[in-house]
Each structure stands twice: as C-alpha cells, then as structure tokens.
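Here is what each chain is made of, one letter per residue.
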Amino acid sequence: MYDVGIDVGGTKIAIGLVSEDRVIQKDQIRTPESRSVKEIVRAIGELVQNMAPDDQYENIGVGFAGVIKNGMVTSPNLAFRDTNLQGLLTELLPGKRIEIENDANAAAYAELCYGALKGSRNALFITLGTGVGGGIILDGRLYKGSFGVSGELGHQVIDCNGKRCGCGRMGCFESYASTSALVERCRKKEGIEKSLLFESCKGEKKAIDGRMIMEAYQANDELARTLIYEHIKYICVGIVNLLNIFDPEKIAIGGGVSQSDVIIDLIREEVKQTPTLRGSNLTEIVPARFCNDAGIIGAANLYRMI
C-alpha cells in the first residue's frame, strides 16, 4: 500500500506515489492558467485518479503554496481565499484520508523524517528557488505557529529601504536571495554583452535563467562570478539573521542551489566570516536530500505527523 503526495505551486502541480522516502511513480502538469479553485481541484482529482488504482493507496497529502489552517487555504498567487480545500478534495475523493500543509513545510517535513534533518532537534529548512520559503523544526517537530504562517523565512527584511516584495513590504530576503532576484539582477547588469551569458541566451536577455548563470560561473565568466558572489552575500545576510534568532544545530538548503556543492561551500564560507552572537561554526549547513521531490515526499507523509 502506498501514499499519494501532491505539490501545488504557481507554475506546476506535481504528484507522486510514495513509499516512505521513495517516489515510486510521479507525474506533473502546468498549473491551470485560470488558477481558479474549481480548475485546480479538478486537476488534482484527475492526477490522483490517473496515478494509481483506488486500492493501491489510502492517504493523500497536499503541499500547497499558501497559508494553511485546519484544511483552509489562502494563497496570494492562486485564487484561494479561506477555501476549504480539504473538504473539496474529500468530496471528490471519498474514503481517503486527506491532509493539507504549506508546501515548504511539507518539504521540511520530508527532510526531517528521512533526509538531511533526520534526528535534528532544532533546525531550519530553507528553499531557494523562484521564491524563498522554509520550515522550522523545534524540539524535533515541525513548528506551525499559532495561525499557520510560520516558516515564511523569505519575508524577513534585510534592507528596509530596498525594493518592494510581492508581499507588500520593502527589502524582503526573498527579493534578494531568490533565483528570480538573481536572474533579474543579471538582466540589468552592465557589460552583459561581453559575457558568455549573452551567447547562452542568444542576445535575448529575457531568456536568461539560473542554470545559464551557474554554467557561466563554472566556465569562469567574470560577470557570472560577480553575480554569484553578490548573490551569496544576500543569502548569507538572511541565514545569519536566522542563526541569531533560532540558534539551530543544522540548516538544510533546498531548491536548485542544493544541487551545487560549489554554492553550498560558498555559503558555508561566507557565513563563517560573518560575525554572529554565538559563533557561526556551531551550525552545520548542508544540502537538502530530496531536491524537487521533497514536497511530494513530505506531503505523502503528512498523516504521520503528530
């Protein structure tokens, strides 16, 4: 018997048939353009029904990009406002246990149960991707807060006079340390026409993405190296803030950067050189184990959460 994990984001909905920490089978579709409750619920239902016969699974977990409280979902990027997603899916998929959690919290739970944070008492999970999210582990359990909004690590302010974030505040960590922010800085950088990046994107700056920047960095492109070093400094401002606030034994970093040993090493080195209240060397900084499957695995195991 397996469990079903679903990861719902602004660009894609991913699903997997999961056995504890193993994804047996997976699929994904683009998030419906309407982003409406009706279309997203319908898409989830179809993905589940196409994934496996009804008698092969009992539990369905959904990691959703939004604020979750008692199965109710509010998402600024999707058309969900205090929507009873748990109730809607229970009607659509009767006889199954359905659990809903924030997507970054679900990914953090996967790392706590089976991955880089297994055995940790006090730890943080930070995901650096299109945005910046995370999860907080306190006393060996996922901390969910009083109102279901814990772990929004990307919305600490690192520059009160900085640019406006999608949340409405100025200078959020996410606005500087996300891959989207890195790409935006790259496109605006002077001298890009002389960089390998200009060749990679065939002169179309809008085509530049994080992968291109990393490849140019590895090829010792001067502009790409400047961009990456600048990006690491922004990441580490946020991480050191979190070290001072939470005093974790371990931080696991997920998202695309978790696949690069070079980036993880640069982050470790920059953090070591930054003054903290209790010594930056005390906290272990590691890549997350599950990368893009973390949300699926964590969601599938939500029913195990105490």
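Summary of the structure given here. Model, not experiment: these values are computed from the prediction. (Residues numbered from 1 in each chain as written. Predicted model: local features only at pLDDT ≥ 70, side-chain atom pairs only at ≥ 80, totals over all residues. Heavy atoms only, no water.)

**Some points on the packing of aromatic side chains**
When we look at a pair of aromatic rings, we describe it by the centre distance and by the angle of the planes. Put simply, the rule is: Put simply, two rings from Phe, Tyr or Trp (the six-membered ring, in Trp's case) pair if the centres are within 6.5 Å, and we call them stacked under 30 degrees between planes, edge-to-face over 60, tilted for the rest. Labels follow the DSSP assignment, with helices taken as runs of H or I lasting at least four residues and strands as runs of E lasting at least two, numbered in each case from the N terminus. Three exposure classes are used, based on accessible area relative to the maximum for each residue type with a 1.4 Å probe and protein chains only: buried under 20%, partly exposed in between, and exposed over 50%.
As enumerated under the stated definition, the model contains three aromatic pairs in all. On the basis of an interplanar angle of 55 degrees and a centroid distance of 4.8 Å, the ring pair of F64 and F80 is categorised as tilted. Of this pair, F64 sits in strand β4 (residues 57–64) while F80 sits in strand β7 (residues 80–84), and the two are 16 residues apart along the sequence. Here F64 falls in the buried class, since its relative accessible area comes to 0%. Between Y176 and Y234, the ring centres sit 5.0 Å apart and the planes meet at 45 degrees, which makes this aromatic pair tilted.

**Things to note about the sheet that holds strand β1 (residues 2–8)**
Stated formally: A pair of strands counts as paired when DSSP detects no fewer than two bridges linking them. Only the stretch in contact is used when fitting a helix axis, every axis being a line fitted to C-alpha atoms; angles between N-to-C directions are given from 0 to 180 degrees. When checking whether two residues touch, look at their non-hydrogen atoms; a contact exists if any pair is within 4.5 Å.
Pairing in this open sheet of five strands is mixed, and the strands run β3-β2-β1-β4-β8 from one edge to the other. Each of the sheet's edge strands pairs with one partner strand only, and the pair in question is β3 (22–30) and β8 (97–102). The mean angle between the axes of side-by-side strands here comes to 15 degrees, regardless of whether they run parallel or antiparallel. With seven bridges joining them, β1 and β4 adopt parallel strand pairing. Bridged to G5 within β4 is G61. Across the sheet, helix α1 (residues 37–51) lies against β1, β2 (12–19), β3 and β4, angled at about 35 degrees from β2, the strand it touches most.

**Details of the environment of G87**
Its location among the elements puts G87 in helix α2 (residues 85–92). Classification of G87 as partly exposed rests on a relative accessible area of 21%.

**Looking at the nonpolar core**
Rule in force here: Only buried residues count toward a nonpolar core, which is a set of Ala, Val, Leu, Ile, Met, Phe, Trp, Tyr and Cys residues joined through side-chain atoms within 4.5 Å.
The biggest cluster of nonpolar side chains holds 39 residues, and the ones touching the most others in it are L197, I239, I253 and I267. If you list the elements that add at least two residues to this core, you get β9 (123–128), β10 (132–138), α5 (179–188), α7 (210–218), α8 (222–246), β12 (250–255) and α9 (261–272). Element by element, the count of residues in this core is highest for α8, at eleven residues. Beyond its immediate chain neighbours, meaning those up to four positions away, I239 contacts I126, F173, I251, I253, I267 and V271.

**A few points about the pairing of β1**
Among the seven residues in β1, six count as buried, and that is most of the element. As paired elements, β1 and β2 share six bridges and run antiparallel to each other. When the bridges of β2 are listed, D3 appears paired with V18. Remark: three residues form the turn of the hairpin made by β1 and β2, two consecutive strands paired antiparallel.

**Quick look at the pattern of salt bridges**
Operational definition: Salt bridges are identified by distance alone: a Lys or Arg side-chain nitrogen within 4 Å of an Asp or Glu carboxyl oxygen.
Taken as a whole, this structure holds 17 salt bridges when the rule is applied. The partner of D293 in a salt bridge is K26, and the shortest N-O contact between them spans 2.8 Å. Taken together, the residues span a long stretch of sequence, with D293 in the loop between β13 (284–287) and α10 (294–300) and K26 in strand β3 at a distance of 267 residues. Between R42 and E46 there is a salt bridge whose closest N-O contact spans 2.9 Å. Residue R42 and its partner E46 are both found in helix α1; the two are separated by four residues, about one turn of the helix. By relative accessible area, which is 37% here, R42 ends up partly exposed. Owing to a relative accessible area of 39%, E46 belongs among the partly exposed residues under this scheme.

**Quick look at unusual backbone geometry**
For N70, which is not glycine, the phi torsion reads 55 degrees and is therefore positive. Following the sequence through the fold, N70 ends up in the loop between β5 (67–69) and β6 (72–75). The exposure class of N70 is exposed, given its relative accessible area of 69%. Phi angles above zero are rare outside glycine, and D82 is one such case at about 50 degrees. Positionally, D82 belongs in strand β7.

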